[in-house]
Amino acid sequence: MNSAYKISLSASNITVMHDDFKAVNDVSIKLKAGEWIALVGPNGAGKSSLLKALAGLIPAFGDGALLGKPWPEWNRRQRAQTLAWLGQAESGQEDLTVYDVAMLGRLPHQSWLAPSSAQDKAVVEVALKTVQAWEWRTRSLGQLSGGERQRLVIARAIAQEAPILLLDEPTQGVDIGAKEEIHAFVDQAAADGTAIVVCSTDTAELARVCDRVVVMYRGQITNTLTRASGLSAEKI
């Protein structure tokens, strides 16, 4: 992480249209290095649409920048090296090993069809050990529980070494033990300087661990709460 970048991600006047429906309506947001923001709100509030727009996965009106550089100036490879995305219930080939899935995080750093380098392997080992998955690196994706799969996709994101991490419902469908582990991994990533945005309906837990909670309703931001303002689930 380059400490010279105080604002890792900024977006101004973001609007997302789904046919004639305005899913996100003129939203602006900034994310600092090492900050963990949660987007919360009821289903249909526009959380996931905003997150996907920030990731560049869906068309959106408005302006934005990564590390101070406007979105249009980033090519796909550079963007993938800078921003990691974890979508809802991500799947893959069931016969892929845990190690292979984590290695996918290194693709933005590799030349086309190039074999994994010694550095790639070292980074993946650290990533899997970070989420306590190194011991089962030879297991196939099809053998993993929901919580183990989520730990694995976080390891893939860690291996990507991107300074910005966007997660859409990362604890959906996992038990409370796995949920706490995932939050701990994400919290450590923020402590290491990664800028993080999480979209979730789990307001009680996020109020306890996040730096800032952004409340959305009908495509707009209706409230923002920080630790300094006495962040709590009741206030959300």
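Residues numbered from 1 in each chain as written. Predicted model: local features only at pLDDT ≥ 70, side-chain atom pairs only at ≥ 80, totals over all residues. Heavy atoms only, no water.

Quick look at the nonpolar core
Put simply, the rule reads: In this text, buried Ala, Val, Leu, Ile, Met, Phe, Trp, Tyr and Cys residues form a nonpolar core when linked through side-chain atoms within 4.5 Å. Only protein chains enter the accessibility calculation, which uses a 1.4 Å probe; a residue whose area is less than 20% of its type maximum is buried, one above 50% is exposed, and one in between is partly exposed. Here, residues are in contact when the closest pair of their heavy atoms is within 4.5 Å.
Core analysis: the biggest nonpolar cluster contains 42 residues, and Trp-36, Leu-128, Leu-152 and Ile-196 have the highest contact counts within it. What Leu-152 contacts, discounting residues up to four positions off in sequence, is Val-98, Val-101, Ala-102, Leu-128, Leu-141 and Leu-144. Val-16, Ala-55, Trp-71 and Ala-195 belong to the second-largest nonpolar core, a separate cluster that totals 30 residues.

Considering the packing of helix H5 (residues 146-160) against helix H6 (residues 176-191)
As a reminder of what qualifies: The angle between two axes is taken between their N-to-C directions and runs from 0 to 180 degrees, where each axis is a line fitted to C-alpha atoms and a helix contributes only its stretch in contact. Helix and strand labels come from DSSP, where a helix needs a run of H or I of at least four residues and a strand needs a run of E of at least two; each type is numbered from the N terminus. What sets the label is the angle itself: under 35 degrees gives roughly parallel, over 145 gives roughly antiparallel, 65 to 115 gives roughly perpendicular, and the rest give oblique. Each residue receives one of three labels: charged for Asp, Glu, Lys and Arg, nonpolar for Ala, Val, Leu, Ile, Met, Phe, Trp, Tyr, Cys and Pro, and polar for the others, Gly being one of them.
It is at 10 Å that the axes of H5 and H6 come closest, and there the two elements cross at 10°. When the interaxial angle is binned, H5 and H6 end up roughly parallel. Side by side, H5 and H6 meet where Gly-147, Gln-150, Arg-151 and Ile-154 of the first sit next to Ala-178, Glu-181, Ile-182, Phe-185 and Val-186 of the second. A class-by-class count of the residues in the contact of H5 with H6 yields five nonpolar, two polar and two charged.

Digging into the packing of helix H4 (residues 118-130) against H5
Helix-helix packing is described using two parameters, namely the angle between the two axes and the distance between the axes. Let me state the cut-off plainly: Should the near helix be turned anticlockwise from the far one by less than a right angle, the crossing is left-handed, and should it be turned clockwise, the crossing is right-handed.
Where H4 contacts H5, the axes come no closer than 8 Å and their chain directions differ by 140°. Along this stretch, H4 crosses H5, giving a crossing that reads as right-handed. Contacts between H4 and H5 involve Val-123, Val-124, Ala-127, Leu-128 and Thr-130 on the former and, on the latter, Leu-152, Ala-155, Ile-158 and Ala-159. Considered class by class, the residues forming the contact of H4 with H5 number eight nonpolar, one polar and no charged.

With respect to the pairing of strand E7 (residues 164-168)
Our working rule: Paired strands, in this sense, are two strands between which DSSP finds at least two bridges. A right-handed crossover is one whose linking path, passing over the helix from the first strand to the second, runs clockwise when the strands point away from the viewer.
Counting buried positions along E7 gives five out of five residues, so the element sits mostly inside the fold. Burial along E7 is two-sided: Ile-164, Leu-166 and Asp-168 and Leu-165 and Leu-167, pointing in opposite directions, are all buried. Of the strand pairs in this sheet, strand E6 (residues 83-86) and E7 are connected by four bridges, and their pairing is parallel. Paired with Ala-84 across the bridge in E7 is Leu-165. Summarising the sheet, E7 and strand E8 (residues 195-199) pair through five bridges and their orientation is parallel. Its bridge partner lying in E8, Ile-164 is registered against Ala-195. Crossover handedness for the path E7 to H6 to E8: right-handed.

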